[in-house]
Amino acid sequence: MEKSEKPPVTGRRDALKILGLGSAGVFAGNLGDMSPAFANTQDSRKGLPPLTITNVKAIGVRPGNIDLVVVKVETSEPGLYGLGCATFNQRAVVVIEAVNKYLPDLCIGRDAENIEDMWRVGYYSSYWRNGPV
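Note that the structure is a prediction, hence the values are computed from the model and not measured.

1. Remarks on the confidence of the model for the protein
On average, residues of the protein score 74 in pLDDT, and 59% of them are at 70 or above. Across residues 21-45, where pLDDT falls below 50, the model places 20 contacts with residues more than four positions away in sequence or in other chains.

Below, the structure written as C-alpha cells:
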C-alpha cells in the first residue's frame, strides 16, 4: 500500500478500531498517518471468532408519559451492543412481549454484521408479516 492510500475499512469492527486508536488523528483529519497502527490491528484480528448475536431484549421506557420500546442487541464482542427503536405507541406491551419471546430464538447465533440477512429473516419469517407489531 502506498503511503498516500488510506487503509481499507472492511466492516464496522474495523471502523470502530480505527476511531478508537486516538481522537487526535481523527480531529486532525489525517487518517493516512494511522495506516501502520491499522495494519497491526488487522493482524491482531486473525483468529477472532465471527461477531454473532448473543441476546436480544426489549426495554420499555416512559419519558413524559410516552410509551417507547428500545431493543438491545448484545454481541459476542464484550461490551459491544446495539440499540434500536421498536416503538408502536398503541401496543407497546405487545411489542415488548413479541421481541422478548420470539426474537432471541430468531437472532441468537446469527452474524451481527449481516444486517440485510437479519432484515430479510425478520420480515419473511415474521408471524405478524406486514402487521403493525
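2. Topic: the side chain of T75
Within the secondary structure, T75 sits in strand β2 (residues 68-75). From its side chain, T75 meets the backbone oxygen of L80 in a polar contact 2.6 Å long. Among residues more than four places away in sequence, those in contact with T75 are L51, T52, I53, T54, L80 and A112.

3. Topic: the pairing of β2
The side chains of a regular strand alternate between the sheet's two faces. Strand direction decides the pairing type here: strand β1 (residues 53-61) and β2, joined by 8 bridges, are antiparallel. Considered in β2, the bridge of K57 is made with K72. Hairpin connection between β2 and strand β3 (residues 81-85): a loop of 5 residues separates the two successive antiparallel strands, and G79 in this loop has a positive phi of roughly 85°.

4. Some thoughts on helix α4 (residues 92-107)
Two residues of an α-helix separated by three or four positions point the same way, owing to the 3.6 residues in each turn. Helix length check: α4, at 16 residues, gives a terminal C-alpha distance of 21 Å against a target of 22 Å (1.5 Å per residue), a fit within 8%. Of all bends in α4, the biggest is about 30°, found at V99. Taken together, the buried residues of α4 touch β1, β2 and α5 (115-124). Positioned one or two residues after α4, G109 has a phi angle of 95°, which is positive.

5. Focus: the nonpolar core
One finds L51, I53, V56, A58, V69, V71, A92, V95, V99, C107, A112 and M118 forming the largest nonpolar core, which totals 12 residues. Breaking this core down by element, the ones donating at least two residues are β1, β2 and α4. If one sorts the elements of this core by residue count, α4 sits on top with 4 residues.

6. Remarks on the pattern of salt bridges
Across all of its chains, the model carries 5 salt bridges by this definition. In this structure, D67 and R62 form a salt bridge, with 2.8 Å as the shortest nitrogen-oxygen distance. Classification of D67 by relative accessible area gives partly exposed; the value is 27%. Among the residues examined, R62 registers a relative accessible area of 53% and is labelled exposed. In this structure, E116 and R120 form a salt bridge, with 3.0 Å as the shortest nitrogen-oxygen distance. Here E116 and its partner R120 are both found in helix α5, 4 residues apart, which amounts to about one turn of the helix. Residue E116 is classed as partly exposed on the basis of its relative accessible area, which comes to 44%. Put simply, K57, K72 and E74 are held in one network by salt bridges that share partners.

7. Description of the sheet that holds β1
Taken together, 3 strands build an open sheet; the order of strands is β1-β2-β3 and the sheet is antiparallel. This sheet does not close on itself; its edge strands, each paired only once, are β1 and β3. Mean inter-strand twist for the sheet, computed between neighbouring axes without regard to direction, equals 20°. Sheet contacts for α4: β1 and β2; angle to β1, the most-contacted strand, approximately 175°.

Analysis parameters
Residues numbered from 1 in each chain as written. Predicted model: local features only at pLDDT ≥ 70, side-chain atom pairs only at ≥ 80, totals over all residues. Heavy atoms only, no water. pLDDT = per-residue confidence, 0-100. Contact = heavy atoms within 4.5 Å. Helix = DSSP H or I, 4+ residues; strand = E, 2+ residues; numbered from the N terminus. Polar contact = N/O pair within 3.5 Å; in protein donor to acceptor, adjacent residues only side chain to side chain. Pairing = 2+ DSSP bridges. Expected span 1.5 Å × (residues − 1). Bend = angle between axes of the 7 residues up to and from the residue. Core = buried A, V, L, I, M, F, W, Y, C linked by side-chain atoms within 4.5 Å. Buried < 20%, exposed > 50% of the residue type's maximum accessible area, 1.4 Å probe, protein only. Salt bridge = Lys/Arg side-chain N within 4 Å of Asp/Glu carboxyl O. Axes fitted to C-alpha atoms, helices over the stretch in contact; angles between N-to-C directions.

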